[in-house]
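Here's the letter readout for the chains.
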Amino acid sequence: MNPFSLARTPELIFGAGEIVCLGECLSRLGAADVLVVVSPSAVADVEVRAGIARVFEEAGITASYVRYDSLPGTLGPFEAGQGPYREASPDVVDAVVAATDQCPQAIVAIGGGSAIDTGKALSAAFLEEGSITDYLEGVGTRAPSGRKVPFVAVPTTAGTGSEATANAVLSRQAAFKKSLRHARLVPDVALVDPGLQLSCPRAQTAASGLDAITQLLEAYLSRTATPFTDALALDGLAAAGRSFLPAVERGDSDVGARAGMAYAAWLSGVCLANAGLGTVHGLAGAAGALAPVPHGVFCGALLPHVVERTIEAVSRRRDGSGVLSKIAAAGRALSSQSGGSLEAQMHLLVDRLVEFARVADLPRLSEYGMDTALARVIAEAGNNKQHPHEFDVDERYELLERAL
Ligand SMILES: [Fe+2]
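Position labels on residues start from 1 in each chain and follow its written sequence. Given that the model is predicted, a residue must reach a pLDDT of at least 70 before its local features are reported, and side-chain atom pairs must reach 80 or more before they are shown or counted; all residues, however, enter totals for whole chains, interfaces and linings. The side-chain quantities take in all heavy atoms of the structure and omit both hydrogens and water.

Draft legend 1. Region of the structure containing the coordination of the iron ion. Each metal's donors are the N, O and S atoms found within 2.8 Å of it, except that Na, K and Ca use a 3.2 Å limit; water is left out, so coordination can look incomplete. The protein atoms that coordinate the iron ion are D211 (OD), Q215 (OE1), H281 (NE2) and H295 (NE2), at distances spanning 2.1 to 2.2 Å. Square planar and octahedral sites, with four and six donors, are those where opposite donors lie more than 155 degrees apart and all other angles lie between 65 and 115, tetrahedral sites have four donors with every angle between 85 and 135 degrees, and the rest are irregular. Geometry at the iron ion is irregular, judged from its four donor atoms and the angles of 84 to 159° they form at the metal. Summarised as a motif, the one-chain spacing of the donors to the iron ion is D-x3-Q-x65-H-x13-H. Note that H281 is positioned in helix α8 (residues 279-290) and H295 in helix α9 (residues 295-315), a separation of 14 residues in sequence. Secondary structure counts use DSSP, requiring at least four H or I residues in a row for a helix and at least two E residues in a row for a strand, with both numbered from the N terminus.

Draft legend 2. Spotlight on the environment of L127. With respect to the helices and strands, L127 occurs in the loop between α4 (113-125) and β5 (151-155). Any two residues whose heavy atoms approach within 4.5 Å at even a single point are treated as in contact. Beyond its immediate stretch of four places on either side in the chain, L127 contacts C103, R147, K148 and V149.

Draft legend 3. Up close: the sheet that holds strand β8 (residues 189-192). What the six strands build is an open sheet, ordered β1-β8-β5-β4-β2-β3; its pairing is parallel. Each edge of the open sheet is held by one strand with a lone partner, namely β1 (11-14) and β3 (62-67). The sheet shows a mean angle of 20° between the axes of neighbouring strands, direction not considered. Two strands are counted as paired when DSSP detects at least two bridges linking them. Alignment of strand β2 (residues 33-38) against β3, held across six bridges, turns out to be parallel. Residue V38 lies in a different strand from β3, and its bridge partner there is R67. Each of β2, β4 (106-111) and β5 touches α4; the most contacted strand, β4, lies at about 170° to it. Helix-sheet contacts for helix α7 (residues 255-275) involve β1 and β8, and the interaxial angle to β1 is about 170°. Working convention: axes come from line fits to C-alpha atoms, limited for helices to the stretch in contact. Angles between N-to-C directions cover 0 to 180 degrees.

Draft legend 4. Spatial organisation of the pattern of salt bridges. Here a salt bridge means any side-chain nitrogen of Lys or Arg lying within 4 Å of a carboxyl oxygen belonging to Asp or Glu. Tallying each qualifying case throughout the model produces 15 salt bridges. The closest approach of N and O atoms between R181 and E137, which form a salt bridge, is 2.6 Å. Pair noted here: R181 is in strand β7 (residues 176-181) and E137 is in the loop between α4 and β5, with a separation of 44 residues, a long-range link. Judged by relative accessible area, R181 falls into the partly exposed class, the value being 42%. Of the charged contacts in the structure, one is a salt bridge between E312 and R309, with a shortest N-O distance of 3.4 Å. On the criterion of helical spacing, the pair formed by E312 and R309 is a turn pair, its members being three residues apart in helix α9. On the accessibility criterion, E312 (37% relative accessible area) is partly exposed. Residue burial is assigned from relative accessible area. The probe radius is 1.4 Å, only protein chains are included, and a residue is buried under 20% of its type maximum, exposed over 50%, and partly exposed in between.

Draft legend 5. Representation of the packing of aromatic side chains within the structure. Pairing of aromatic side chains requires ring centres within 6.5 Å, counting the rings of Phe and Tyr and the six-membered ring of Trp. Pairs whose planes differ by under 30 degrees are stacked, by over 60 edge-to-face, and all others tilted. Tallying each qualifying case throughout the model produces three aromatic pairs. Ring geometry for F14 versus Y263: centroids 6.4 Å apart, planes at 85°, classification edge-to-face. Highlighted residues: F14 in strand β1 and Y263 in helix α7, separated in sequence by 249 residues. Judged by its relative accessible area of 32%, F14 is partly exposed. Judged by centre distance (4.5 Å) and plane angle (25°), the ring pair of F244 and F356 falls under stacked. With F244 in helix α6 (residues 227-249) and F356 in helix α11 (residues 342-360), this residue pair connects regions lying 112 residues apart in the sequence. Exposure remark for F244: the relative accessible area of 1% places this residue in the buried category. Under the relative-accessibility criterion, F356 is labelled buried at 0%. The ring of Y220 is capped by K326, whose NZ or CZ atom sits 4.6 Å from the centre of that ring. Counting as a charge over the ring demands two things of the Lys NZ or Arg CZ atom: a distance within 6 Å of the ring centre and an angle within 35 degrees of the ring normal.

Draft legend 6. Structural context of helix α12 (residues 372-381). All buried positions along α12 are accounted for by L374, A375, I378 and A379. One side of α12 holds all its buried residues, which, seen down the axis, span an arc of 140°. The arc under discussion is defined with respect to the helix axis, by the directions toward the C-beta atoms.

Draft legend 7. Summary view of the side chain of T279. Of note, T279 is situated in helix α8. The buried category is assigned to T279, whose relative accessible area is 0%. A distance of 2.9 Å separates the side chain of T279 from the side chain of N384, its partner in a polar contact. Setting aside its immediate chain neighbours within four residues, T279 contacts E218, V306, N383, N384, H387, H389, F391, R396 and L399. Any pair of nitrogen or oxygen atoms within 3.5 Å is treated as a polar contact; in protein, a donor-acceptor pairing is required on top of that, and neighbouring residues in sequence qualify only through side-chain atoms on both sides.

Draft legend 8. How the structure looks around the nonpolar core. Buried residues of nine kinds, namely Ala, Val, Leu, Ile, Met, Phe, Trp, Tyr and Cys, make up a nonpolar core once their side-chain atoms join them within 4.5 Å. By size, the foremost hydrophobic cluster in this structure holds 78 residues, and its most contacted members are I213, L217, F244, F298, M370 and L400. Domain boundaries shown here were taken from an automatic or database domain assignment. Inspection of this core shows a minimum of three residues originating in each of domain 1 (11-197) and domain 2 (203-402). Setting aside anything within four residues of it in sequence, one finds I213 in contact with L237, A240, F244, L303, L334, L353 and F356. In this structure, I132, A153, A168 and F176 belong to the second largest nonpolar core, which totals 28 residues.

Draft legend 9. Representation of α4 in the model. Helix span is expected to be 1.5 Å times the residue number reduced by one. Helix length check: α4, at 13 residues, gives a terminal C-alpha distance of 18 Å against a target of 18 Å (1.5 Å per residue), a fit within 8%. Extensive coverage of α4 is indicated by the burial of twelve of its 13 residues. What α4 keeps buried is the set G113, A115, I116, D117, T118, G119, K120, A121, L122, S123, A124 and A125. Considering only its buried residues, α4 is in contact with β2, α3 (90-99), β4, β5, β6 (167-172) and β7.

Here you go:
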C-alpha cells in the first residue's frame, strides 16, 4: 500500500432532528455571542426559522444574522428574494467584518455551499489583517495563518461537501473564482440534519446532488486516490444511487432519501479533500468566474460526457485496466446492480448518470449564455486536476460543446 495521509475532518453530528444540539455544541465552544450566516432560502420556512431561534434562546446565546448574498445593511437577514451575490463573495466577507463592532465568539453558517463558504471565510477574516482577497490562492499575495473564530457548518443542501473541507471558494464575477485554504479552516463542527433539507427546492436538490456525485466519482477515479478514500467514495456512490431519485422526486417528505444524499455529500467533501478531483471540476473552476452557470448544473451536465470519453480513452491504453475496473465498480455502486461484463458495468455508470441528468431536467449550458467561443476560453483556462486521463484543450472543448 502506498503511503497516504488523512486531512483533519470536523467533529460530525449527523441525523434528522439533530439541529437541537446546536446550542450545546456552541456552549462547548465557549460561545455566547454568535454571528449566523444564512442562505435566505434555507430559512424561508417560518417553522425552521423559529426552531433555530428557539435553539439559540434556550442555550442563552445571542445571535445576529447576516445573509451570505447581500452586503450588511442592504437587506434584512430573512428578507425574501435574491440578493445581488449568487456565490460566496470576498466583498461580502470584507463588508461584514468592517460592519461588525466586536469579533463574534463563534460563527454558524446555515445554508448551501455558498453560505458555508462565506461563514468559513469569515471565520478566518475576523482574525487576519486586510482584505480576504489578499489571501486567495492565485489572486492574493499572503498566506492564511490558519487562525480562526470557532465555526459550525449546518448544510441545508446536499452537494458541495464544504461542511467537511478546509477551503472556501470565493468568486468575483467576470474576475475570479478562487479558494481560501488552510488545513485549520475545516469547521470545528459539521451539524448535518437532513430534516433541514426537506424544503430544498427540486431543481436545487438535483443540481446539488449531481455535484456530490461528481465529487465522489472524481475522487474515486483520481490519480491520488487512496484505499481510505476509495472505501468512502464507493459507499457515498451507493448511498447516492439509492437516494438521488427519491430525494429529487419526493424530497419534501422522504427524510431517508435526504439523509442518504446528506451522507453522500459529507463523504464527497472528505474524499475530495484527500484525493482531489477530475476534469469536470478542472473545467468548473474556470467556468465559475466566466459564466453564470450554477456549479451543480455545470457538473451534472458535463459528467456523463466526461465518463464516456474517459472510458473510450482509457480503453485504448495498455495501463488502463485499474481505471476501467474502478469505473465498473462505480457503475455497480451507483446502480445497485452487480451482474454482467466489465464493459456492461461501466455502461451502467454512464446510463445511470444520463438518467439522473434527465430526471434533474438540467438546462443546457447555452441557456446561461455559454457559447462556443466561451467554451473555447474555458477549455483553455481549465485543466484536468487529478483525472485518470489527460484530456487536451481540444478534447476539453468537445466535452463542453456536447453540453451547450
Ligand atoms: Fe463541486
